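# Residue-level structure breakdown
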Amino acid sequence: MSRPDTDLLHSLSAELSQRLKDLLDQALLGFIRPNSESQFAQHASELANFREAIAQKNSNDDTEFLRSFREFIPTTNYDPYRPFIAKFFATPCKESDVKNMFAPGLPYCLAVSSATSGKAPKTFPIYRLPPHLLHHPLYLSLRHLEGITLSPSSLSFGQVLNMDFEDGHGSKLLPVCSVTVGFLRMQMNWDLEHDKDRTDLWVPGKTDPYAISLVKNYRTFFILNALFALTDRRVTTIRFLFASVFVNFLQYVEDEWLLLVDCIEKGIIPDMENLDHLREPLEKYFTSNPLRAAELRGIGPPGIHGWAVRVWPDLKEFIGVTGGFAAASVPKVTHALGPSVAMQSPGYGCSECYIAVPYFNGDPNTDLKVVPVDGVTEYLDVHSNEPEERVLSAWELVTGGHYEPVLTTRNGLWRYRVGDVVTVKGFAPDDGLPVINYLHRRNGSLELAYGTTCTESQLMSAIVSASTRWIGQIIDFTVVADDRETPVTYGYLVEIGGEMGKDAKMATQQTFEDLMKNADYHIAFWQGRARKPTIRIVAKGTFTEYRRQKCDKTKISMGQVKVPTVLSDPSFEEWLLQKVIMEL
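Figured I'd write up the structure that's included with this text.

The rules behind each value
Residues numbered from 1 in each chain as written. Predicted model: local features only at pLDDT ≥ 70, side-chain atom pairs only at ≥ 80, totals over all residues. Heavy atoms only, no water. Phe/Tyr/Trp six-rings, centres within 6.5 Å; stacked < 30°, edge-to-face > 60°. Helix = DSSP H or I, 4+ residues; strand = E, 2+ residues; numbered from the N terminus. 1 Å grid on protein atoms, 1.4 Å probe; cavity = no way out; pocket = protein on both sides within 12 Å on 5 of 7 lines; lining within 4 Å. Points joined across faces, edges and corners; volume = space filled by probe spheres on them. Buried < 20%, exposed > 50% of the residue type's maximum accessible area, 1.4 Å probe, protein only. Contact = heavy atoms within 4.5 Å. Pairing = 2+ DSSP bridges. Axes fitted to C-alpha atoms, helices over the stretch in contact; angles between N-to-C directions.

## Here we look at the packing of aromatic side chains
- A complete count under the given rule lists 35 aromatic pairs for this structure.
- Ring centres of tryptophan 202 and phenylalanine 228 lie 5.8 Å apart, and the angle between their planes is 75 degrees; this geometry places the pair in the edge-to-face category. Here the residue tryptophan 202 occupies a position in the loop between α7 (179-188) and α8 (218-231), and phenylalanine 228 occupies one in helix α8, the gap between them amounting to 26 residues.
- Relative to tyrosine 438, the ring of tyrosine 348 lies with its centre 5.9 Å away and its plane at 50 degrees, an arrangement referred to as tilted.

This is the structure in structure tokens:
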């Protein structure tokens, strides 16, 4: 569908720059003043110079307070926060030991990261939002849309911690879950203690009853969501956190098509793993629908162009992340949706902080407006030649520049580096806030033995381009170090959907030519320190199984599991290599 021409400014006027500075200064003060009294701010060695500076000056002076922040707060990573977060996992955990740990009061939950890099998941405290922010667009896991939304939402959690009250009477439960689960529970005011009392609930406007959100088995969760979604032809919006997870959903629909349609015709819930007490409330809502089953049989399983619109004639919009690692899934998604369905990003953020919302005066699929609601974003210039990276404010950015976001958040992080790289598209004309596009992880490239690195974006675009022309539709892929010969090279592991192109072997040459656009790789190749990349095809369903195993291993939300562009987990690499069925 056509998009409006952008109204972005290439640079900021002096007046708009000052307005932006005032806006961000007030937002920053709103975070760091209350959080400066937290246990972390009072005791972390990284903030010692800041504490000393504000102690020597008039701490009530906002200008001095901000100056001290910008001068004395260094950039941080996860390490300084780790020992403070560990106190929540202590046994016993006393309320007095963790109160005001990073922000005032006690957290609502601990958000767990997706552990895409292969390292252990990180956890971050999420504190309850003020009531006026609960339904801010930045936080909405479930937007209030007209019509019916297919938006599989898991409310499962990895573990539950106990915080004992100071008076010794009772305790508070603290769930460890994905950030989306945490905010959804917060918005709906759904506590853990009464989950079983809500199994008969069905939130208006959704295809799935509440009971499905409590399912913890990966396959069962997606098949049940598919069953209820296929039954309802009124769907107007499809929403998945990542486009690649929607492809995963389509695979389950395709694999279980006969079972799903048969169940719709007869009105039965199939025998699934780990349903237990949830079967009864699901059966209560699911009735026989032979007319719908006949309609679905006439359409057939996913595969035809525009399949989704034939199944759901009122479908207008798809919401999901289509950039970064998810970009490889976009051709498959657009093929299933057809040309009439608009695509939009849900926003940009991470477990640490929600950062940006879609910018609708540009391309809401890729253009993201950075808003100071969950945190204030500063930036590091990734191409800077300065010996020490200087932290830049939003009004110092340059259109077209590449930057790493640095976050100071509502939940108590101080100049925290998220490790992403974004590019500035321009500045919003109403308030000067930057509009960005996500590029890739800053340290996500695979540094090979010869010292050259291609970025995640380069590795991604090379295989997507080659697949579109030669291989076929990519379901998913990852890159490992292929050391079967010397020198070591980039080894693509790719799963495709449908028929493979008859000239698929040409993909390796095209991928090589695209990677040669990287100057370091180009030089290394001609010096004999690099060789052409390799492409190996893995069996159908490999990356669906990868997600299931990763979900079981890390206990993260089912919709949050990502396949990394570059795989660094040796155990999963070994497993994936066993799934190879051919090499191009």
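## Section: empty space enclosed by the protein
- On inspection of all chains with the given rule, the structure shows four cavities of 30 Å³ or more.
- A volume near 80 Å³ is recorded for the largest cavity.
- Trp190, Val203, Lys206, Tyr210 and Ser213 are the residues nearest the centre of the largest cavity, which is lined by 11 residues in total.

## Let's talk about the side chain of serine 393
- In this fold, serine 393 is placed in the loop between β13 (391-392) and β14 (402-409).
- Judged by relative accessible area, which is 7%, serine 393 ranks as buried.
- In this structure serine 393 touches Arg70, Glu378 and Tyr379, once residues within four positions along its chain are discounted.

## Observations concerning the sheet that holds strand β20 (residues 534-538)
- In space, the four strands of this open sheet follow the order β18-β19-β20-β21, with mixed pairing throughout. Of all strands in the sheet, those bounded by a partner on one side alone are β18 (473-482) and β21 (580-583). Looking at each pair of strands side by side, their axes are set apart by 30 degrees on average, direction ignored.
- Looking at chain direction, β20 and β21 are connected through three bridges and run antiparallel. Residue pairing across strands places arginine 536 opposite glutamate 583, the latter belonging to β21.
- Together, β18, β19 (489-497), β20 and β21 form the strand contacts of helix α19 (residues 570-577), whose direction differs from that of β18 by roughly 120 degrees.

## What to know about unusual backbone geometry
- A cis amide bond, omega 0 degrees, links threonine 91 with the succeeding residue proline 92.
- Locating proline 92 in the fold gives a position in the loop between α5 (82-86) and α6 (95-98).
- Note that the residue after threonine 486, namely proline 487, is joined by a cis bond; omega there is -5 degrees.
- On the secondary structure map, proline 487 appears in the loop between β18 and β19.
- Phi at asparagine 189 takes a positive value of approximately 60 degrees, unusual for a residue other than glycine.

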